[in-house]
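Each chain is listed here by its residues.
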There are 2 protein chains.
Amino acid sequence: MPDPFSFDLNSFLPYRLAAAASRISRKFSERYRSEFGISIPEWRVLAHLYQSGDVSVRDIEARIDMEKSKVSRAATRLETAGFITKAVNDSDRRLLSLRLTEEGKALVARLLPVAMQFQSEMLEQLGPLAEGLDAGLTVLLQDES
Amino acid sequence: MPDPFSFDLNSFLPYRLAAAASRISRKFSERYRSEFGISIPEWRVLAHLYQSGDVSVRDIEARIDMEKSKVSRAATRLETAGFITKAVNDSDRRLLSLRLTEEGKALVARLLPVAMQFQSEMLEQLGPLAEGLDAGLTVLLQDES
DNA sequence: CGGTATTTATTGCAACTGCAACAATGTCAA
DNA sequence: TTGACATTGTTGCAGTTGCAATAAATACCG
């Protein structure tokens, strides 16, 4: 165990991870918030709907790291803005069927290049270290709690 | 540029980083929240005070990734709980002098082993990938915006 | 069937957050 | 010295968050 008297928060891995994530998320959200007017939870729901087509709140909660209440509120905002529709699932009326509208698809089509560009810049900044970072994240994202 | 139709949020680096950080922070805070009753911002202020001795709100804001209002509120809670003292800096009366009380030092002394243990478990889980993850975080934490 | 337990999405609530406004203090040039 | 400007920490505010409670729908089991 390291000498507790030499503890340095800036070399403490959970802090480093949180600080890096916070900085990246802030920079990314600045990119699209001004131009597209959506928040991070809304972006995540849109992105998931784009790749998955027609899903429920529960599906999104299971697939991406978001509380169901957060998903629900993001979906309500997106519906109000006209980017998605909410419909009751006929075979199980507890479930919602979230789906992108044409406007929603158009929004995502404009959003994705911004996202890919941002990721490209990250990878460029990381250079050969990107692979190691990604491998570490994969381990941390494994379900084992 | 990747095919936008194949976009997968779970392979999008900013999302992966945020999800991993969120999961780790939650697990870590569960460890000490129940036993010590402090929040993440409070833990960060305590840890920084422990390593730096006698600092102002501005110093903490500059050193760790926290808004000054967040630091201010965490400091108020810690003072109310008796873990730190706030004094006016005599040479510049705009500045505060935050300092751990004896109770605060005792709290940190109990907190640090928990933190080091948590980090050890992370490193164990990561194995040889820890080095690569850390190197990537170092790049992302560099000031260049 | 009937009744209890489970699942799903929403909402109320209290706490937290970031931002901007603010008062108090300090700096500096004229 | 004075007066404009900068810095520091706190607070008001509106928006967001996570958790628990809830209502509606379904599953299950006797």
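Quick summary incoming for the structure in this document. (Residues numbered from 1 in each chain as written. Chains lettered and ligands numbered in written order. Predicted model: local features only at pLDDT ≥ 70, side-chain atom pairs only at ≥ 80, totals over all residues. Heavy atoms only, no water.)

A closer look at the sheet that holds strand 1 (residues 54–55) of chain A
The strands that make up a sheet are held in pairs by hydrogen bonds between backbone atoms, and each pair lies either parallel or antiparallel. Residue and element names in this part refer to chain A. In plain terms, the rule: Each pair of strands is called paired provided DSSP finds at least two bridges between the two strands. The way it works is that DSSP assigns letters per residue, a run of H or I at least four long becomes a helix, a run of E at least two long becomes a strand, and they are numbered from the N terminus. A contact between two residues is defined here by any heavy atoms of the two lying within 4.5 Å. Angles run from 0 to 180 degrees between N-to-C directions of axes, and those axes are lines fitted to C-alpha atoms, restricted for helices to the stretch in contact.
Read from one edge of the open sheet, three strands run 1-3-2, paired in antiparallel fashion. In this open sheet, the two strands that pair with only one neighbour each are strand 1 and strand 2 (84–88). Strand contacts of helix 4 (residues 68–80): strand 2 and strand 3 (96–100), with the helix running at about 115° to strand 2, the strand carrying the most contacts.

Quick word on the packing of helix 5 (residues 102–126) of chain A against helix 6 (residues 129–141) of chain B
The geometry of a pair of packed helices is captured by two quantities: the angle between their axes and the separation between those axes. The test is simple: In these notes the angle categories are as follows: under 35 degrees is roughly parallel, over 145 is roughly antiparallel, 65 to 115 is roughly perpendicular, and the rest is oblique. Take the far helix as the reference: if the near one is turned anticlockwise from it by less than a right angle, the crossing is left-handed, and if turned clockwise, right-handed. Residue type decides the class: Asp, Glu, Lys and Arg count as charged, Ala, Val, Leu, Ile, Met, Phe, Trp, Tyr, Cys and Pro as nonpolar, and the leftover types, Gly among them, as polar.
As a packed pair, helix 5 of chain A and helix 6 of chain B sit with axes 9 Å apart at the nearest point and diverge in direction by 110°. By the angle between their directions, the pair helix 5 of chain A and helix 6 of chain B is classed as roughly perpendicular. Helix-helix and strand crossings are classified by hand; for helix 5 of chain A and helix 6 of chain B the assignment is right-handed. Only Gly 136, Val 139 and Leu 140 of chain B of helix 6 of chain B make contact with helix 5 of chain A, whose side of the interface consists of Met 122, Gln 125 and Leu 126 of chain A. Taken together, the residues that form the contact of helix 5 of chain A with helix 6 of chain B break down as four nonpolar, two polar and no charged.

Side note on the relation of the copies chain B and chain A
Selection criterion: Overlaid copies result from least-squares superposition on C-alpha atoms, with residues included only where pLDDT is at least 70 in both.
Between chain B and chain A, which share one sequence, the superposing operator has a rotation angle of 180° and an axial displacement of 0.0 Å; the RMSD is 0.0 Å. The relationship between the two copies is best expressed as a two-fold rotation axis. A shared interface surface links the copies, since 100% of the contact residues of chain B are contact residues in chain A too.

As for the protein's contact with DNA strand C
Short version of the rule: Any residue with at least one heavy atom within 4 Å of a molecule or strand is counted as near it. Here a polar contact means two N or O atoms within 3.5 Å. Within protein one must be a hydrogen donor candidate and the other an acceptor candidate, and residues neighboring in sequence count only if both atoms are side-chain atoms.
Inspection of the region around DNA strand C gives 19 residues, with Arg 58, Ser 72 and Arg 73 of chain A together with Asp 92 and Arg 93 of chain B positioned closest. For DNA strand C, the backbone makes up 67% of the atoms found within 4 Å of the protein, where backbone means sugar plus phosphate. Here a base nitrogen of DNA strand C sits 3.4 Å away from a polar atom, N or O, in the side chain of Lys 68 of chain A. For the surface near DNA strand C, the secondary-structure elements that each account for two or more residues are helix 3 (57–63) and helix 4 of chain A together with helix 4 (68–80) of chain B. The leading source of residues in the surface near DNA strand C is helix 4 of chain A, at four residues.

Overview of the pairing of strand 3 of chain A
Residues and elements named next belong to chain A. Taken together, the two bridges between strand 1 and strand 3 define a ladder with antiparallel strand orientation. Within strand 3, the position partnered with Val 55 by the bridge is Leu 98. Looking at chain direction, strand 2 and strand 3 are connected through five bridges and run antiparallel. Its bridge partner being in strand 3, Ile 84 is matched across the sheet by Leu 100.

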